[in-house]
Amino acid sequence: MKILITGGTGLIGKALVCELALANNDITVLSRSPQKVYSHFCNEITCWTQLNDKQNLNEFDAVINLAGEPIADNRWTPSQKQKLVNSRCHLTQKLVDLIKASDSPPAVFISGSAVGFYGDQADTRVTEETPANPEFTHELCAKWESIALEAQTPLTRVCLLRTGIVLSTLGGALPKMSKPFKLGLGGKLGSGKQYMPWIHIDDMVSAIVFLLKTQDAKGAFNLTAPNPVQNKEFTRLLGKAFNRPALMTVPESLLRLVMGESATLVLGGQQAIPEKLLKAGFEFRYPQLEVALKDIITTGK
């Protein structure tokens, strides 16, 4: 297949590009930094630095949109919230417009989202049909998804990736979470009762490839392992993986003081279940957290 990918130098993007390139797909990465792209992938792929209104996407079989400003790196000031929205929605709209302008459009458009779509769901079992709580993460993801769905026609199906915490030692949340555990200072956040939907990086990549190839797959999919755990269990197993205790507690008040409104990312949660993926026939290699953490930490994935 000939595939256009945005966000190809991010954690998920790098792993996905490598997987698709190994399968002899023809990959084009959209990036403002060709040097960064070629440092990761040498000259095995094509790099575009921009999109323009005169282009179309007739030559592509698929478009995978993974770009977006990291949501947890900064406090959610009004300007930062707008930056988070713009980084997702503006590019997605450009891709949708180019797909709609194509005489022979890509057969599939796979676009990022997150389980934050649902807002904090406490103990509710969350499937793709669960009503959302109207929080900032929901508003952000809902707008992002709404734009992506504009590309859906009889010629182009759209899949939305409602992603949980992607586990990898190479980036994302896990390296930041692991630092205190390595020092023996790890522990739960707040009450520890909030659910943490997670997924092994290998399963994340495999699920995207599965959706790419499954011709009747469309709509939103929870890209999370089938066994989400509460924060207190996650921290226990992370401590066990590093052979370190997990006895500390970071008070909710401290997290809210340091993080502001974005503390909802770690104090709230979703018991998200990949119901549609499982019904479509996808099989997880790492459905259990303890095995997933052991593999990631041992292999350095």
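Fair warning: this is a prediction, and the values are worked out from it, not measured in the lab.

A. Structural view of the sheet that holds strand 1 (residues 2-6). The strand order 3-2-1-4-5-7-12 describes an open sheet built from 7 strands, whose pairing is parallel. Looking at strand neighbours, the two that pair on one side only are strand 3 (46-48) and strand 12 (219-223), the edges of this open sheet. Each neighbouring strand pair of the sheet contributes to a mean axis angle of 20°, computed without reference to strand direction. Here strand 2 (residues 26-30) runs beside strand 3; their pairing, made up of 3 bridges, is parallel. Counterpart to L30 in the pairing with strand 3 is W48. Where helix 3 (residues 78-100) meets the sheet, it contacts strand 1, strand 2, strand 4 (62-65) and strand 5 (108-114), and its direction lies at approximately 165° from that of strand 5. Here helix 4 (residues 136-149) sits on the sheet and contacts strand 4, strand 5 and strand 7 (157-163); the angle it forms with strand 5, its principal contact strand, is near 175°.

B. Layout of the packing of helix 7 (residues 231-241) against helix 11 (residues 289-299). Viewed as axis vectors pointing N to C, helix 7 and helix 11 meet at an angle of 40°, and their least axial separation amounts to 10 Å. Accordingly, the angle class assigned to the pair helix 7 and helix 11 is oblique. Handedness of the crossing formed by helix 7 with helix 11: right-handed. Along the contact surface, helix 7 presents F234, L237, L238, K240 and A241, while helix 11 presents L289, E290, L293 and I297. When its residues are assigned to classes, the contact of helix 7 with helix 11 shows 7 nonpolar, no polar and 2 charged.

C. Molecular detail of the UniProt feature "domain: DUF1731" (unreviewed entry) in the chain. Mapped onto the present numbering, the UniProt feature "domain: DUF1731" (unreviewed entry) falls at residues 250-296. The distance from the first to the last C-alpha atom of residues 250-296 is 25 Å, and the span holds 55% helix and 6% strand.

D. Fine view of the side chain of T9. Counting through the fold element by element, T9 comes out in the loop between strand 1 and helix 1 (11-22). On the basis of relative accessible area, T9 is assigned to the buried category, the value being 18%.

E. A look at the pairing of strand 7. Strand 7 sits mainly inside the fold: 7 of its 7 residues count as buried. Here strand 7 shows two buried faces, one formed by R157, C159, L161 and T163 and the other by V158, L160 and R162. The sheet contact formed by strand 5 and strand 7 spans 7 bridges and is parallel. Along strand 7, the bridge assignment pairs V108 with R157. With 5 bridges joining them, strand 7 and strand 12 adopt parallel strand pairing. Paired with C159 across the strands is G219, a residue of strand 12.

F. Highlighting the nonpolar core. By size, the foremost hydrophobic cluster in this structure holds 34 residues, and its most contacted members are L20, I64, I110, I208, L211 and L223. A per-element tally of this core places helix 6 (residues 201-213) first, with 8 residues. In this structure L223 touches L161, R162, T163, G164, I199, M204, A207, I208, L211 and L277, once residues within four positions along its chain are discounted. Membership of the second largest hydrophobic core comes to 27 residues, among which are F60, V96, W144 and A220.

G. Molecular detail of the pattern of salt bridges. Taken as a whole and assessed by the stated rule, the structure comprises 14 salt bridges. The shortest N-O distance in the salt bridge between E69 and K83 comes to 3.8 Å. Note that E69 is positioned in the loop between strand 4 and helix 3 and K83 in helix 3, a separation of 14 residues in sequence. Residue K83 is classed as partly exposed on the basis of its relative accessible area of 44%. Here R256 ties to E252 by a salt bridge, and the two come within 3.0 Å at their closest N and O atoms. Taken together, the residues span about one helical turn, with R256 and E252 both in helix 8 (residues 252-259) at a distance of 4 residues. Exposure remark for R256: the relative accessible area of 38% places this residue in the partly exposed category.

H. Fine view of unusual backbone geometry. A positive phi angle, near 65°, is found at N24, a position not held by glycine. Secondary-structure assignment places N24 in the loop between helix 1 and strand 2. Taking the relative accessible area as the measure of exposure, N24 reaches 70% and is therefore exposed. In this structure, A122 takes a positive phi of about 50° despite not being glycine. Relative to the helices and strands, A122 is located in the loop between strand 5 and strand 6 (125-126).

What counts and what doesn't
Residues numbered from 1 in each chain as written. Predicted model: local features only at pLDDT ≥ 70, side-chain atom pairs only at ≥ 80, totals over all residues. Heavy atoms only, no water. Pairing = 2+ DSSP bridges. Helix = DSSP H or I, 4+ residues; strand = E, 2+ residues; numbered from the N terminus. Axes fitted to C-alpha atoms, helices over the stretch in contact; angles between N-to-C directions. Contact = heavy atoms within 4.5 Å. Parallel < 35°, antiparallel > 145°, perpendicular 65-115°, else oblique. Left-handed = near helix turned anticlockwise from the far one by under 90°. Nonpolar A, V, L, I, M, F, W, Y, C, P; charged D, E, K, R; others polar. UniProt positions renumbered as here; feature names shortened; annotations may be inferred. Buried < 20%, exposed > 50% of the residue type's maximum accessible area, 1.4 Å probe, protein only. Core = buried A, V, L, I, M, F, W, Y, C linked by side-chain atoms within 4.5 Å. Salt bridge = Lys/Arg side-chain N within 4 Å of Asp/Glu carboxyl O.

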